[in-house]
Amino acid sequence: MSTLSPVSPDPAAGAAPAAGANQDLPPQRNRPFSRANLVQTIVGGYVPLILATLVVVVPLLWMMLSSLKTPGEIVTTDLKILPQSFNLENYKVAMTTVPFGQFFINSLIVTTVGSTVKVILAILTAYALVFVRFPLKNVIFIVILVALMVPPQVSILPNYILIAGIGGKNTLWGIILPGLGTAFGTFLLRQHFLTLPGSILEAAEIDGAGHWRRLWQVVAPVSLPSIATVALVTVVSEWNDYIWPLIITDRPETMTLPVGLTLLQTSEGNGAGWGILMAGAMLVIVPILLVFAALQRYIVAGLTQGSVTG
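Rules of the game
Residues numbered from 1 in each chain as written. Predicted model: local features only at pLDDT ≥ 70, side-chain atom pairs only at ≥ 80, totals over all residues. Heavy atoms only, no water. Helix = DSSP H or I, 4+ residues; strand = E, 2+ residues; numbered from the N terminus. Buried < 20%, exposed > 50% of the residue type's maximum accessible area, 1.4 Å probe, protein only. Contact = heavy atoms within 4.5 Å. Phe/Tyr/Trp six-rings, centres within 6.5 Å; stacked < 30°, edge-to-face > 60°. Lys NZ or Arg CZ within 6 Å of the ring centre and 35° of its normal.

S.K.: So what about unusual backbone geometry? Which residues, and what values?
M.R.: Positive phi is not limited to glycine here, since Leu136 has a value of about 60°. Tracing the backbone through its elements, the reader meets Leu136 in the loop between α5 (100-131) and α6 (137-149). A residue is classified by how much of its surface remains accessible, and Leu136, at 61% relative accessible area, is exposed. With a phi close to 60°, Asn170 is a non-glycine residue in the positive phi region. Residue position: Asn170 is located in the loop between α7 (156-165) and α8 (172-176). Judged by relative accessible area, which is 12%, Asn170 ranks as buried.

S.K.: Could you give an account of the environment of Leu257, naming the residues involved and the relevant values?
M.R.: Here Leu257 lies in helix α14 (residues 257-260). In this structure the C-alpha to C-alpha distance between Leu257 and Tyr242, which are 15 residues apart in sequence, comes to 8.8 Å. Contact partners of Leu257, with chain neighbours within four places excluded, come to Phe100, Phe103, Phe104, Ser107, Trp239 and Val284.

S.K.: Could you give me a rundown of the packing of aromatic side chains, with the residues and numbers involved?
M.R.: Applying the stated criterion across every chain yields a total of five aromatic pairs. Ring centres 5.8 Å apart and planes at 75° place the aromatic pair Phe104 and Trp239 in the edge-to-face group. With Phe104 in helix α5 and Trp239 in helix α12 (residues 224-240), the pair connects residues that are 135 residues apart, well separated along the chain. Pairing Trp212 with Trp216 gives two aromatic rings, centres 5.7 Å apart and planes at 65°, and the pair type is edge-to-face. Separated by four residues within a single helix, Trp212 and Trp216 lie in helix α11 (residues 211-222), roughly one turn from each other. Through a chain of ring-to-ring contacts, the aromatic side chains of Tyr127, Phe131 and Phe193 assemble into a single cluster. One residue, Lys69, lies across the ring of Trp62, its end atom 4.3 Å from the ring centre. Geometry around Phe141 places Arg190 over its ring, the cationic atom sitting 3.7 Å from the centre.

Without other data, these values stay purely geometric and don't point to any function.
In structure tokens, the structure reads:
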């Protein structure tokens, strides 16, 4: 009776599956807290973020601290970052030296009226470019893109000749009228309207809804983040606009806040007016910063809406 000896595995036969199994394994990734991963995160993420934040925050912080300083603390060879005392005298002087209340009302009127008309025109124009059939639609859109690329400073002289010629100098409507068209808002809303599913509009059309009802009852509600983005960007630009109101107005009763606060400049050479100017600048930017901080999530949602598909 013969005994069977165990058969030893062939080394060549066993090596092939092992090699194939290693080839099928996914590539190894660095551990989350490995040195290479931490270096990439810090260099590629945190460092640029910190630098960008400092570029934005440091001038605003310096302006806020300077608005609380005395002239001797601002104009000095001994650098002082923090004020010696919490002094609001510069704000008091800034609000009483010039008609601050009138400037604020003028800015509020110009921003409210100008932004409202701009947003409505952008919505109507973008809807027409997407959902209404008419000749030369693409040509009109190209013209809008060209207007978006042209710097606004190019049109200052023609606008001044036109507005001054029809009696708009030193008037609020003269400040508002030249900037009512917004190529940016039209472009952004058009790109968003193109991402809307056609079935929604087809269902509304079958129900007998015309263009007006389709716009305000279907398109506008689902496009609220993009519309809010256009509105916020428009409000910020209208509130902070300086060049055009400076050119078209030279009377305090029609000046807006950014222009009116230039009256705080003094002819003194000892730097006594710098703290007052910083306080005035803070009074201009704080309201719009609060609005922007409260509603900035709409800007993020509107700019990213439609960028992810699938």
